[in-house]
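Below are the chains, spelled out letter by letter.
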Amino acid sequence: MEPKDLLTDEILKQFKTGKQLNDFLMQVQKRGIEKMLEGELDDHLGYEKHEKAIAHNSRNGYGTKKVRTSLGESEIVVPRDRDASFNPMIVPKRGSMVEGLENIIVSFYAKGMSNSDIERQIRELYNFDVSASTISRITDKVIGDIVAWQNRPLEPVYLIVWMDGIVFKVRENSKIINKTIYIAVGLRRDGLKEVLGLWLGKNESSAYWLSVLTDMKARGLEDILITATDNLNGFTDTIRNVFPLATTQICVVHQIRNTCRYVVWKDKKEFTIDLKLIYGAPTKNAAEAALEDFANKWNSKYSYAVRSWRENWEELTAFFEFPLEIRKIIYTTNLIENLNGKIRKYTKNKLSFPSDDAVMKSAYLATREATRKWTMPIQNWGVILNQFLAIFEERVRLN
């Protein structure tokens, strides 16, 4: 057994209850915080304790302060300076919480807990009270992070950009109305997925998407190879106005849902089997033949469905231009819908939001939580990258 393991065992033998161990750890933490405060003051003054002062400012004794940490509440001594310019980072002036506990509160909020739920949870776990207003103040610090994140530079090229909207209820002028968070996710040239931004607007429209695309372009995005979107009226034209070279693919799954919306129950199984012959065809020519068969069979009963496929045919079948591996990731917006589902999961406890800032704060934190595991390239990345290089070599290599 390692010596450090023996030492740990000897220490642990002293504690008969969990409270004794927690009290010991609190004392260790208290001493650690006080030592770090001394180090911060040394750095602030430019000389260490017991050395001669090298500036007009110097040490001026100590004050006491109650702080709250993830282990509980304790009183610490805080060193002071004569001109009161020392503001420690670990426990700032007028603050009573160390960063670790603030991170816990933000994490609870990100997972969809309400302020009252967080208040109760902190009381149960750490045996002290944190007011709802304090929780709001802590989570409001995220607003600055959102502004910086939303205005960060983007890559010059994304191979695929998925775009979709998610609706929330938000209070505005004493009324609860629907507002849409517009979400764009890009596939980078290293195979990693990246949320490009969150934008809050009224009900989803191609006009608002124009401002979203323009914003992305202003942040350095020069080219999108393929877009994957829902079947929003005018969306394709909007994309081409900003990124004229982009291949636009309408989500086939959205199209199927829209097509089946008015199909009676007894026809639905056979109807969907016939639809699959269209989008599951090996080539575009085969898909066109399947569409004709579908029209001959169903046009008299469901003319709307046939017309919808014909009117959106070019954007619905863009994926046939690409190899199978690329087809699988562009003919549906499942990727962004999965992200939306996780955001919904984290925000489901909030039936409505009191302000635009509140809904953006929740959506941003939920997005950050949902994308923590986006650290690896997408499946079959080596094959997919080589296919993109073969088709779009000059555009992929754009610097």
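Not measured: the values here are computed from a predicted model. (Residues numbered from 1 in each chain as written. Predicted model: local features only at pLDDT ≥ 70, side-chain atom pairs only at ≥ 80, totals over all residues. Heavy atoms only, no water.)

**Student:** Quick question: what am I supposed to make of a positive patch on the surface here?
**Tutor:** Side chains of Lys-342, Lys-345, Lys-348 and Lys-373 sit close together on the surface and give a patch of like positive charge. By the secondary structure assignment, Lys-348 is in the loop between α15 (334–347) and α16 (356–370). Look at Lys-348 and you get exposed, because its relative accessible area is 58%. (Patch = residues over 30% accessible without salt bridge, like charges linked within 9 Å, V, L, I, M, F, W, Y side chains within 5 Å. Areas by Shrake-Rupley, 256 points an atom, 1.4 Å probe, with all protein chains shown as cover. Salt bridge = Lys/Arg side-chain N within 4 Å of Asp/Glu carboxyl O. Lys, Arg positive; Asp, Glu negative; His and termini not counted. Charge placed at Lys NZ, Arg CZ, Asp CG, Glu CD. Helix = DSSP H or I, 4+ residues; strand = E, 2+ residues; numbered from the N terminus. Buried < 20%, exposed > 50% of the residue type's maximum accessible area, 1.4 Å probe, protein only.)

**Student:** What is the right way to look at the packing of aromatic side chains in this model?
**Tutor:** Any aromatic ring pair is given by two values, namely how distant the centres are and how the planes are angled relative to each other. As enumerated under the stated definition, the model contains 14 aromatic pairs in all. For the ring pair Trp-209 and Phe-235, a centre distance of 5.1 Å and an interplane angle of 25° mean the geometry is stacked. Taken together, the positions of Trp-209 in helix α7 (residues 206–218) and Phe-235 in helix α8 (residues 235–242) put the pair 26 residues apart, joining distant regions of the chain. Residue classification places Trp-209 among the buried residues on the basis of a relative accessible area of 0%. Phe-235 gets classed as buried once you look at its relative accessible area, which sits at 1%. Taken together, the ring pairs connect Tyr-182, Tyr-208, Trp-209 and Phe-235 into an aromatic cluster. When the ring centre of Phe-243 is taken as origin, the NZ or CZ atom of Lys-217, which lies over that ring, is 5.5 Å away. Note that Arg-344 overlies the ring of Phe-168, its terminal NZ or CZ placed 5.0 Å from the centroid. (Phe/Tyr/Trp six-rings, centres within 6.5 Å; stacked < 30°, edge-to-face > 60°. Lys NZ or Arg CZ within 6 Å of the ring centre and 35° of its normal.)

**Student:** Got a minute to help me understand the side chain of Thr-227 in this structure?
**Tutor:** The topology assignment puts Thr-227 in strand β6 (residues 223–229). The buried category is assigned to Thr-227, whose relative accessible area is 0%.

**Student:** Is there a simple way to explain the side chain of Ser-308 in this structure?
**Tutor:** Inspection of the secondary structure assignment puts Ser-308 in helix α12 (residues 303–311). When its relative accessible area of 8% is taken as the criterion, Ser-308 is described as buried. Excluding residues that lie within four positions of it along the chain, Ser-308 makes contacts with Asn-231 and Gln-255. (Contact = heavy atoms within 4.5 Å.)

**Student:** Any chance you could explain the packing of helix α9 (residues 252–260) against helix α10 (residues 265–279) here in plain terms?
**Tutor:** Think of two packed helices as two axes; the pair is described by the angle between the axes and how far apart they sit. At a minimum axis separation of 11 Å, α9 and α10 run at an interaxial angle of 150°. Handedness of the crossing formed by α9 with α10: right-handed. Where α9 approaches α10, its residues Val-252, Ile-256, Thr-259 and Cys-260 are matched on the opposing element by Lys-268, Phe-271, Thr-272, Leu-275 and Tyr-279. Grouping the constituent residues of the contact of α9 with α10 by class yields six nonpolar, two polar and one charged. (Axes fitted to C-alpha atoms, helices over the stretch in contact; angles between N-to-C directions. Left-handed = near helix turned anticlockwise from the far one by under 90°. Nonpolar A, V, L, I, M, F, W, Y, C, P; charged D, E, K, R; others polar.)

**Student:** Mind showing me how you'd approach the sheet that holds strand β5 (residues 193–201) here?
**Tutor:** Each strand in a sheet pairs with its neighbour through backbone hydrogen bonds, running either in the same direction (parallel) or in the opposite one (antiparallel). Strand order across the open sheet formed by five strands is β5-β4-β3-β6-β7, with mixed pairing between neighbours. What marks the edges here is a single partner per strand, and that holds for β5 and β7 (247–250). On average, adjacent strands in this sheet sit at an angle of 25° to one another, irrespective of strand direction. Relative to β7, β6 runs parallel, the two sharing four bridges. Directly across from Thr-227, in β7, lies its bridge partner Thr-248. Along the sheet, α16 makes contact with β3 (157–172), β4 (175–187) and β5, crossing β5 at roughly 165°. (Pairing = 2+ DSSP bridges.)

**Student:** When you look at the pattern of salt bridges in this model, what are you seeing that I'm missing?
**Tutor:** When the charged atoms of two side chains with opposite charge come close together, those side chains can pair. In total, this model carries 19 salt bridges according to the counting rule given. Across the pair Arg-240 and Glu-315 runs a salt bridge whose closest N-O atoms are separated by 3.6 Å. In this pair, Arg-240 sits in helix α8 while Glu-315 sits in helix α13 (residues 313–316), placing the two residues 75 residues apart along the sequence. Overall, the relative accessible area of 37% leaves Arg-240 in the partly exposed class.

**Student:** Before we go on, may I ask you to explain the pairing of β7 in this structure?
**Tutor:** Looking down a regular strand, the side chains alternate between one sheet face and the other. The side-chain alternation of β7 yields two buried faces, one formed by Thr-247 and Gln-249 and the other by Thr-248 and Ile-250. In this region the chain leaves β6, passes through α8 and returns to the parallel neighbour β7; the handedness of that crossover is right-handed. (Right-handed = clockwise from strand over helix to strand, strands pointing away.)

**Student:** I'm lost on α12 in this one. Help?
**Tutor:** An α-helical turn contains 3.6 residues, so any two residues separated by three or four positions project in the same direction. Residues Ala-305, Val-306, Ser-308 and Trp-309 constitute the buried set of α12. When α12 is viewed along its axis, its buried side chains cluster within an angular range of 160° and face the same direction. On the buried face of α12, the contacting elements are α9, α10, α11 (284–298) and α13. (Arc of directions from axis to C-beta.)

**Student:** Explanation requested: the environment of Ala-289 in the structure shown.
**Tutor:** Positionally, Ala-289 belongs in helix α11. As a C-alpha pair, Ala-289 and Leu-277 span 12 residues in sequence and 9.5 Å in three-dimensional space.

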